[in-house]
Amino acid sequence: MRSVISALVINEPGVLASVAGMFSARGFNIDSLVVGRTENPDLSRLTVVCDADENTLEQVRKQLAKLVPVVKVRDFKDTAYVERDLALICVSVGPEKRSEVIEIVNLYRAKIIDVARDSLMVEIAGPEQKLESLIELLRPYGIKELARTGVIAMARGMQQAKDEAAKPDAGKKRVRRLDAPATVALPPS
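First, a word on scope: everything that follows refers to the structure included in this document. (Residues numbered from 1 in each chain as written. Predicted model: local features only at pLDDT ≥ 70, side-chain atom pairs only at ≥ 80, totals over all residues. Heavy atoms only, no water.)

1. Comments concerning the packing of aromatic side chains
At step 1: Scanning the model with the defined rule gives one aromatic pair in all.
At step 2: Where Phe76 meets Tyr81, the ring centres are 4.9 Å apart and the plane angle is 25 degrees; that geometry is what we call stacked.
At step 3: Looking at Phe76, the relative accessible area reads 5%, which means it is buried. (Phe/Tyr/Trp six-rings, centres within 6.5 Å; stacked < 30°, edge-to-face > 60°. Buried < 20%, exposed > 50% of the residue type's maximum accessible area, 1.4 Å probe, protein only.)

Written out as structure tokens, the structure reads:
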């Protein structure tokens, strides 16, 4: 089962390495891992796409939430969300076949962002399936180079309102904040 999990993490060195290490130590396979800045300069959003059964995904969510720099974990299972992937595709095509490629690109609402004598560079953003479909149609023309960003995701606006309304106020286990006061460390055991 394909799952998209998003985590809000504190911007500090080694966060990506610790998340990737957690996945590899437990034998989880990552299809896509993307980290990017958010509206808050102290936080980054990490989006992970993995393919696993429900028990494994539950373990991933729990292990991810235990990591110290992780502020919040969100699994998009059974929620309304938007996901996007971005690709740059350099297609080897001369003037004689260029109009065919341009027509295909336009059908997918992609953009031609660079033109050379013997190639075109295409930019496409959208769901993973849309990118895969375009890549397969362009493959016969000859793909010289391909770069993809990986999946990013956010809950839809109405979904965020539903989630906020459904949150219980009491019984929170732990709250992580950037402005939390320092606490006394526990003695060694």
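2. Section: the pairing of strand β1 (residues 2-10)
At step 1: Counting buried residues in β1 gives seven out of nine residues, a clear majority hidden from the surface.
At step 2: Sheet topology note: the β1/strand β3 (residues 43-51) ladder contains nine bridges and is antiparallel. The partner of Leu8 across the bridge, within β3, is Arg45.
At step 3: Note that β1 and strand β4 (residues 70-75) share five bridges and pair antiparallel. When the bridges of β4 are listed, Ile5 appears paired with Asp75. (Helix = DSSP H or I, 4+ residues; strand = E, 2+ residues; numbered from the N terminus. Pairing = 2+ DSSP bridges.)

3. Let's talk about the pattern of salt bridges
At step 1: Summed over the entire model, instances satisfying the criterion amount to twelve salt bridges.
At step 2: Its salt-bridge partner being Glu58, residue Arg61 comes within 2.7 Å of it at the nearest N-O pair. Linking Arg61 with Glu58, this pair stays in helix α2 (residues 54-66), spanning three residues, or about one helical turn.
At step 3: Accessibility expressed as a relative area gives 14% for Arg61, which makes it buried.
At step 4: Among the residues examined, Glu58 registers a relative accessible area of 32% and is labelled partly exposed.
At step 5: The salt bridge involving Glu136 is made with Arg139; its shortest N-O contact spans 3.2 Å.
At step 6: Residue classification places Glu136 among the partly exposed positions, given a relative accessible area of 45%.
At step 7: Within the structure, one salt-bridge network assembled from shared partners comprises Glu54, Glu58, Arg61, Lys62, Asp75, Lys77 and Asp78. (Salt bridge = Lys/Arg side-chain N within 4 Å of Asp/Glu carboxyl O.)

4. Concerning the pairing of β3
At step 1: Counting buried positions along β3 gives seven out of nine residues, so the element sits mostly inside the fold.
At step 2: When strand β2 (residues 30-37) meets β3, the two strands line up antiparallel, connected through seven bridges. Its bridge partner lying in β3, Val35 is registered against Leu46.
At step 3: With antiparallel pairing between neighbouring strands as the criterion, β2 and β3 make up a hairpin whose turn holds five residues.

5. Some remarks on helix α1 (residues 15-25)
At step 1: For α1, the complete set of buried residues consists of Val15, Val19, Met22 and Phe23. Looking straight down α1, one finds its buried side chains confined to an arc of 95 degrees; they lie on one side. Away from the buried face of α1 by more than 90 degrees, exposed residues Ala17, Ser24 and Ala25 are located.
At step 2: Of the surrounding elements, those touching the buried residues of α1 are β1, β2, β3 and α2.
At step 3: Backbone geometry just downstream of α1 places Gly27 in the positive-phi region, at approximately 75 degrees. (Arc of directions from axis to C-beta. Contact = heavy atoms within 4.5 Å.)

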